[in-house]
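Coordinate inspection notes
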Amino acid sequence: MFDKDRLEEIERRRRQWEERVLKPSLERFGAEESPQKFYTPLDIKDHDFLEKVGFPGEYPFAADVYATSMPAVFMLGVAPTELIRAGMYSGYGTAEDTRDYYNYMRGRGRPGGPNIAFDLPTQCGYDSDDPMARGEVGRVGVAVDTLRDMEVIYEAFVGDRDLDRIASNFTINAPCNIILAMYFALAEKRGIPLGRLRGTPQNDILKEYVARGTYIFPPQPSMRLIRDTITFCTEHVPLMNTISICGYHMREAGATAPQVLAFTFSNAIAYVQLGIDAGLDVDTFVPRFTFLNFGGSMEFFKESALQRAARRMWARIMRERFGSKNPRCWILRQVAAAGTGEVNKTVQRPLNNFIRAVIGGVACSLSGGGPFTGFPYDEPLGLGHSLEGWQLNIDAMRILLHEAKLCEVSDPLAGSYYVESLTDQIEEEAWREMERIDAIGGAVAAIEKGYMQQEIAKSAYRFQREVESRERVIVGVNRFIGEHELEVTTTRLVEHPYDPVKRAEAEEKQIANLARVKRERDNEKVKACLKRLEEAARDESVNLIPPIWEAVKEYATVGEICGVLRQLFGEYQAYSVAA
């Protein structure tokens, strides 16, 4: 980028500046070193534009995975009409409650398919009438016990919003194939071919062991189930994404920027290898891999650099490690780019979270993701989001797009001495961490040995120490909390879309619904299906989606199906970081 003589001249001038200009300034303020850094071409001596940045939509995709910013502004309602997407993450109470919620939100101009949040019992493979589920039914998402519940939820999606005209997202991991089988059964009942179904299950079990915790089975049989998703959908449901690989949860748990890249991509490598070991061509199934995101912090430039490094790393992994020839495999498919993360939103002075979200939206816009501001300011105040919060969020995105015009230029930070240096630094640290994981034996081995869990725990501990010592400032939490500071609030104009009465009554209603299903179904057929599932599960080479599909059509429950698999696979015992 610069010739040797020019770099030597810059180096000479820098030393001169430090002695004649910077040093007297620091002495004037009684400081030993400057709180600010200044970057020059010396920090990116070997920078090669084509190698490190490239053009938008071309390898190495540091600038953007798309040639144009249009895909980044889908959420603002300006996308071409033929593009099909799911809506925002939502769901609570019984199936009826969630169905009514979707109908209500459609009436308020929120189109798109469902992005379903499931309650904890469903996520962990327990039925609503299981003693383990007591007090949790319908709390953090909708309760789904049987195909009947999916049928009710999707009563909100008929006609011009039928299954072949929407995309459905399912935030579900350990029981993912059960939920997919229910969706396939519902499509079959409606006469819709599997080949026309679109959607994305989360299905990223490895990050559950590391950070989130809604696992059921040990890693090895869990990976078998993901293999089954990949192989079945590649053959029969080609428009369905098979996995949404998540860095977000590990970042929220405490992972640093390099750690979240290394851990996420190590997990992704393990998933890619599943498909290859099953005999699939890497270029046929990886295009249906997606990434959720990598979480975030309030450090604007770091988050922007992380995204540029992430796109570059994934392209290199796919092209160099796996020998992919299909450019679609090189693309890091995620819903947004840089963000501030939800863990950085505070209960104290919650409207400050709106400011934090806007900063995230600016970072996202400047790092290839469009003006996505994340969840509303009231994210830490309870489940679901107020419509007032959503209005502020949507208007913030509109202002960033239409008034600030932040999406008119792709990768405007490219060429910045600081940002390019920071991008290189984060990427280099992430590669080193991935090398350590490879040396252990890969992601699954690293998780079984507790390596990722320990490293995240250490990072989380350091972060918390910084907060408690006030080395890391959080406005309104550990600084600026005097008696004259104001707690600014907003006015509630409409009722919260999640009815608190319905949520309180959900558990008893759901248990009654489940009891009715069990009375009315053919229990002998259910037993026979579960027996065939057990036999199939004993053969590791058998894909379990067909026998699961058969069982859910007879209204076998999530708990019954998981119970069969628990007996054969066992249950995962969490690694103790303190051990």
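Given the structure is predicted, the values throughout are model-derived calculations rather than measurements.

What counts as what
- Note on numbering: residues in each chain are counted from 1, in written sequence order.
- For a predicted model such as this one, the threshold for reporting local features is a pLDDT of at least 70, and the threshold for listing and counting side-chain atom pairs is 80 or more; totals across whole chains, interfaces and linings nevertheless cover every residue.
- The side-chain quantities take in all heavy atoms of the structure and omit both hydrogens and water.
- Burial classification: accessible surface area is computed with a 1.4 Å probe over protein chains only, and a residue below 20% of its type maximum counts as buried, one above 50% as exposed, and the rest as partly exposed.
- Segments assigned H or I by DSSP are reported as helices when at least four residues long, segments assigned E as strands when at least two residues long, and all are numbered from the N terminus.
- By definition in these notes, contact holds between two residues if any of their heavy atoms fall within 4.5 Å.
- Any residue with an atom within 4 Å of a point lines the site, the site being either a cavity, points on a 1 Å grid over the protein atoms alone where a 1.4 Å probe fits but cannot get out, or a pocket, an open set with protein on both sides within 12 Å along at least 5 of 7 lines.
- Grid points are joined across faces, edges and corners, and a volume is the space filled by probe spheres set on the points.
- For this scheme, ten residues count as nonpolar: Ala, Val, Leu, Ile, Met, Phe, Trp, Tyr, Cys and Pro. Four count as charged, namely Asp, Glu, Lys and Arg, and the remainder, Gly too, count as polar.
- In these notes, a set of buried Ala, Val, Leu, Ile, Met, Phe, Trp, Tyr and Cys residues joined through side-chain atoms within 4.5 Å is what counts as a nonpolar core.
- Pairing of aromatic side chains here covers Phe, Tyr and the six-membered ring of Trp, requires ring centres within 6.5 Å, and sorts the geometry by plane angle: under 30 degrees stacked, over 60 edge-to-face, intermediate tilted.
- Only lysine NZ and arginine CZ atoms are considered, and such an atom sits over a ring when it is within 6 Å of the ring centre and within 35 degrees of the ring normal.
- Any helix carries an expected span of 1.5 Å times its number of residues minus one.

Turning our eyes to something else, we now look at helix α21 (residues 545-553). Within the sequence span of α21, burial applies to I545, P547, I548, W549, A551 and V552. Where the residues of α21 are buried, they touch α5 (147-153), α6 (176-189), α8 (219-236), α20 (523-537) and α22 (558-569). After α21 finishes, the residue Y555 shows a positive phi value of roughly 70°.

The space that makes up the second largest pocket amounts to roughly 910 Å³. Lining the second largest pocket are 32 residues, with S297, V343, N344, F463 and R472 positioned closest to its centre. Those elements that place two or more of their residues in the lining of the second largest pocket are α9 (248-253), α14 (352-365) and α18 (451-468). Here the lining of the second largest pocket gets 7 residues from one element, more than from any other, and that element is α18. Along the lines of polarity and charge, the residues of the lining of the second largest pocket split into 14 nonpolar, 9 polar and 9 charged.

Take the nonpolar core next. Among the nonpolar cores identified, the biggest contains 122 residues, and Y154, F184, L261 and F265 are the most heavily contacted of them. Residue contributions to this core peak at 12 residues, all from helix α10 (residues 257-277). Those residues in contact with L261 that sit more than four places away from it in its chain are F294, L306, A309, A310, M313, I426 and A430. Listed in part, the 8 residues of the second largest apolar core include F300, A338, L400 and L406.

Moving on, we come to the packing of aromatic side chains. Evaluated as defined, the whole model comprises 27 aromatic pairs. Taking 5.2 Å as the distance between ring centres and 70° as the angle between the ring planes, the aromatic pair formed by F170 and Y183 counts as edge-to-face. Of this pair, F170 sits in strand β3 (residues 167-171) while Y183 sits in helix α6, placing them 13 residues apart in sequence. Accessibility expressed as a relative area gives 1% for F170, which makes it buried. Clustering of aromatic rings is evident, with ring pairs tying together Y92, Y101, Y102, Y154, F157, F170, Y183 and Y498. The ring of F480 has R479 lying over it, and the distance from NZ or CZ to the ring centre is 4.8 Å. Note that R566 overlies the ring of Y126, its terminal NZ or CZ placed 4.4 Å from the centroid.

Over its 14 residues, α6 extends 20 Å from the first C-alpha to the last, a length consistent with the 20 Å expected when each residue adds 1.5 Å. Residues of α6 that are buried include every one of C176, N177, I178, I179, L180, A181, M182, Y183, F184, A185, L186 and A187, and no others. At its buried positions, α6 is contacted by α5, β3, β4 (198-201), α8, α21 and α22.

Shape descriptors only; they carry no functional weight alone.
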